[in-house]
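Understanding the architecture of this molecule
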There are 2 protein chains.
Amino acid sequence: MTNSYLDTIDVRLLRYFAVVAEECNLRRAAQRLFMSQPPLSRHMKNLEEYLGVTLFTRHTKGLTLTNEGTKVLQTIQPLLRTQESVYEQLREFSTASEKRVAVGLTTAFEQGTFTTLEKRLREYYGERLRLVRSDSLKLVRDVKKGKLDAAFVALPLDAPGLELQATHYAEPLFAVLPSHWLEAEKPGLALKEFNGKPLFWFHRDSNPAFFDFTKTVFAHAGYEPLFMEEPEEHDVLLARIAAGEGIGLFAASFAAISRKGVTFSPVAEGELLRLALGITSLPGNEFLAQELVELAAAALPTP
Amino acid sequence: MTNSYLDTIDVRLLRYFAVVAEECNLRRAAQRLFMSQPPLSRHMKNLEEYLGVTLFTRHTKGLTLTNEGTKVLQTIQPLLRTQESVYEQLREFSTASEKRVAVGLTTAFEQGTFTTLEKRLREYYGERLRLVRSDSLKLVRDVKKGKLDAAFVALPLDAPGLELQATHYAEPLFAVLPSHWLEAEKPGLALKEFNGKPLFWFHRDSNPAFFDFTKTVFAHAGYEPLFMEEPEEHDVLLARIAAGEGIGLFAASFAAISRKGVTFSPVAEGELLRLALGITSLPGNEFLAQELVELAAAALPTP
DNA sequence: AATTTGTCATACCTTAGAGGTATCACAAAA
DNA sequence: TTTTGTGATACCTCTAAGGTATGACAAATT
């Protein structure tokens, strides 16, 4: 019996192949699969290598299936269908025959903000609920992969291909400063007072749209920050601010956390710099998303 | 519709589950799957998490399926069967409707050793052949994974669960020394003359059985080497030997490669330190293995 | 009762491979 | 000629699969 490499092919590759065959265009197929074009190109090449078959002819307008490619496509259809139906059946088995709900929760706001919401979610979904805390970008990735059904994320956020529903909830950003920088209590600090001073901020890659937006706001306010890489851990960040290395900008709810040596202070431009709470999900999960919006409306303060 | 994590489960996990369910024992199941017990334990835990179902009750004599576990097992059977049959059909598609043959070739011998063998293989299998060169241990791993149908490997080698057939071909080891260490031409150097001198040698982990064996031979010969980590690249190794950092021990065929500053010399214990050529494959591939043994017999010199 | 053995679980590490960005080569369209 | 849209390539990052070492625990053995 010749194994010829084939046993190790992931069914996922075959599913990718089906989508590519349908689109006849790598870029579009990649978009539908929530990935970028190059890895998909590689996957198709590998698949051809595995199978020992040329699946496509490549030309400058896209791809077209070869005859063998068509045959392969027909051959795998039953497998893809069987997988779907079996997975559908497996979903029925979850505890108490009820469908599980996996929901993400952003760490962009102070976690205490969500205690009521969490309680409501647990009451509402009971054992079926699976709650995951992470930063908005990882949550978006997991929603795309199907690991999460929906996620509460911080807006603004660019999530192409996903449904995105806003809730009423939003918070202005607060400045977090080393206490000794603040000569007197000044509510509503103007950002321009910090011109040239270092700001702990996220890397542009993690959310280009929001990064560029804030940069514009900073510029308008006359604040040209010296960007410093933000530490992962919240307490580390506070410690470094206390040490006078730079300032931070957090959602207002974080003012609930105090630390020796740092001062939370509202900024004059706070209303421009708002984080809103949104719910993201794959198209098709609108019902769940709507449920979550309503639960959030009932369980979050109206600021 | 709720995705609930489930879409991302690899079918492989389900296949593992089926094996575990059959064996009711993680260690044995892991052995059948060519992996160690801990990852399998984790996989089963993850699977339960994904499905939201307790599949097994764990006790001190092994595992037993729960009722839900049995139901899940029944549910996935059609998928596993469909996958097998579809993959079987896919194999038919390989170029010219012929089954492909993936064969590994060890780098433990000088590659020129195999020129005739390679030629024969290509003549015999034609386009169907896929030849991979790597070290014996990676080849064994790929054979286990099904990426290779069979591989020519260096013996002795411990490959539990795999078929292992010896060919008639074997080579003694030669010493490779910095030229300036050799005062006069001495054919048949005794290892003990190098006592305490550094030896570039492989890490024990890569082949414990062979490592221990050679160590015993060294000890008997009165050679207590100072083991040094062997560089990956052959030419780097030669350069460092030329620089006088230590000696090496290679299969005799490598004497074909000369380099300024190093001398290849047979060792008196060479007949004890032999590398043989073997063919390894998964049980069930005996026919191919036998073919390869015969091709090797015809294409390799009888030393 | 104490020891040994065989079970699964846990902690930690290494590494293959999936996916990302930047960029290329090429042909069709403008 | 330039622009635009195609797939391919090179290179990087990081997740997750698999490995080793070890633990906790119960049954079997002494």
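Provided above is the structure to which this section pertains.
The sections below set out a description of the structure shown in this document. (Residues numbered from 1 in each chain as written. Chains lettered and ligands numbered in written order. Predicted model: local features only at pLDDT ≥ 70, side-chain atom pairs only at ≥ 80, totals over all residues. Heavy atoms only, no water.)

A look at the overall build of chain A
Looking only at helices and strands, one finds 9 helices and 11 strands in chain A. The C-alpha radius of gyration computed for chain A amounts to 24 Å, which surpasses the reference 19 Å derived for 303 residues by more than 25%, pointing to a less compact arrangement than a globule. Sequence separation of 24 or more characterises 73% of the internal contacts of chain A that already satisfy a separation of 6 or more. Accessible surface, chain A: about 14600 Å² in total, of which carbon and sulfur atoms supply 51%. The distance from the centre of the 34 positive side-chain charges to the centre of the 38 negative ones in chain A is 4 Å. (Helix = DSSP H or I, 4+ residues; strand = E, 2+ residues; numbered from the N terminus. Rg over C-alpha atoms; globule rule 2.2 N^0.38 Å. Contact = heavy atoms within 4.5 Å. Areas by Shrake-Rupley, 256 points an atom, 1.4 Å probe, with all protein chains shown as cover. Lys, Arg positive; Asp, Glu negative; His and termini not counted. Charge placed at Lys NZ, Arg CZ, Asp CG, Glu CD.)

Overview of the protein's contact with DNA strand D
The local shell around DNA strand D holds 24 residues, among which A:Ser41, A:Arg58, A:Lys147, B:Arg42 and B:His43 are the closest. Here, DNA strand D places atoms within 4 Å of the protein, and 66% of those atoms are sugar or phosphate. At 3.3 Å, a backbone N or O of A:Thr60 approaches a sugar or linking oxygen of DNA strand D. Taking B:Tyr16, its side chain carries an N or O atom lying 3.2 Å from a phosphate oxygen of DNA strand D. (Near = heavy atom within 4 Å. Polar contact = N/O pair within 3.5 Å; in protein donor to acceptor, adjacent residues only side chain to side chain.)

Observations regarding helix 9 (residues 286-299) of chain A
Residue and element names in this part refer to chain A. Between the first and last C-alpha of helix 9 there are 20 Å, a value that for 14 residues agrees with the 20 Å anticipated at 1.5 Å per step. Looking only at helix 9, the buried set comprises Leu288, Ala289, Glu291, Leu292, Val293, Leu295, Ala296 and Ala299. Tucked inside the fold, the buried residues of helix 9 contact strand 3 (101-106), helix 5 (115-125), strand 5 (150-155), strand 6 (163-178) and strand 11 (274-281). (Expected span 1.5 Å × (residues − 1). Buried < 20%, exposed > 50% of the residue type's maximum accessible area, 1.4 Å probe, protein only.)

A look at the pattern of salt bridges
Where charged atoms from two side chains of opposite charge come close, those side chains can pair. Residue and element names in this part refer to chain B. Counted under the stated rule, the structure contains 22 salt bridges over all chains. Of the charged contacts in the structure, one is a salt bridge between Glu88 and Arg91, with a shortest N-O distance of 2.8 Å. Of the two residues, Glu88 and Arg91 are both situated in helix 4 (residues 67-91); the distance of 3 residues between them amounts to about one turn of the helix. In this structure Glu88 comes out as partly exposed when scored by relative accessible area, which is 29%. Given a relative accessible area of 9%, Arg91 falls into the buried group. In this structure, Glu118 and Arg133 form a salt bridge, with 3.0 Å as the shortest nitrogen-oxygen distance. (Salt bridge = Lys/Arg side-chain N within 4 Å of Asp/Glu carboxyl O.)

A short note on the protein's contact with DNA strand C
The local shell around DNA strand C holds 25 residues, among which A:Ser36, A:Arg42, B:Ser41, B:Arg58 and B:Lys147 are the closest. One of the side-chain nitrogen or oxygen atoms of B:Gln37 is found 3.0 Å away from a base nitrogen of DNA strand C. B:Ser41 places a polar side-chain atom, nitrogen or oxygen, 2.6 Å from a phosphate oxygen of DNA strand C. The set of elements that each furnish at least two residues to the surface near DNA strand C consists of helix 1 (11-23) and helix 3 (37-51) of chain A together with helix 2 (26-32), helix 3 (37-51), strand 2 (62-65) and helix 6 (136-145) of chain B. The dominant element in the surface near DNA strand C, judged by the number of residues it contributes, is helix 3 of chain B, at 5 residues. Looking at the surface near DNA strand C, its residues break down into 8 nonpolar, 8 polar and 9 charged. (Nonpolar A, V, L, I, M, F, W, Y, C, P; charged D, E, K, R; others polar.)

Some words on the packing of helix 4 (residues 67-91) of chain A against helix 4 of chain B
Viewed as axis vectors pointing N to C, helix 4 of chain A and helix 4 of chain B meet at an angle of 170 degrees, and their least axial separation amounts to 9 Å. One element, helix 4 of chain A, and the other, helix 4 of chain B, form an angle in the roughly antiparallel class. Only B:Val72, B:Thr75, B:Ile76, B:Pro78, B:Leu79, B:Thr82, B:Gln83, B:Val86, B:Tyr87, B:Gln89 and B:Leu90 of helix 4 of chain B make contact with helix 4 of chain A, whose side of the interface consists of A:Val72, A:Thr75, A:Ile76, A:Pro78, A:Leu79, A:Thr82, A:Gln83, A:Val86, A:Tyr87, A:Gln89 and A:Leu90. (Axes fitted to C-alpha atoms, helices over the stretch in contact; angles between N-to-C directions. Parallel < 35°, antiparallel > 145°, perpendicular 65-115°, else oblique.)

Some details on the nonpolar core
Among the nonpolar cores identified, the biggest contains 63 residues, and A:Phe17, A:Ile76, B:Phe17, B:Leu40 and B:Ile76 are the most heavily contacted of them. Contributing elements (two or more residues each) for this core: helix 1, helix 2 (26-32), helix 3 and helix 4 of chain A together with helix 1 (11-23), helix 2, helix 3 and helix 4 of chain B. Not counting chain neighbours up to four residues away, the residues in contact with A:Phe17 comprise A:Met44, A:Leu47, A:Leu55, A:Phe56, A:Leu65, A:Gly69, A:Val72, A:Leu73 and A:Ile76. (Core = buried A, V, L, I, M, F, W, Y, C linked by side-chain atoms within 4.5 Å.)

Let's talk about the pairing of strand 6 (residues 163-178) of chain B
All names here are of chain B. In terms of strand pairing, strand 6 meets strand 11 (residues 274-281) through 7 bridges, oriented antiparallel. In the strand pairing of strand 11, Glu171 is matched with Leu275. Pairing of strand 6 with strand 9 (residues 248-251), which is carried by 4 bridges, proceeds in the antiparallel orientation. Note on strand 9: the bridge partner recorded for Phe174 is Phe250. (Pairing = 2+ DSSP bridges.)

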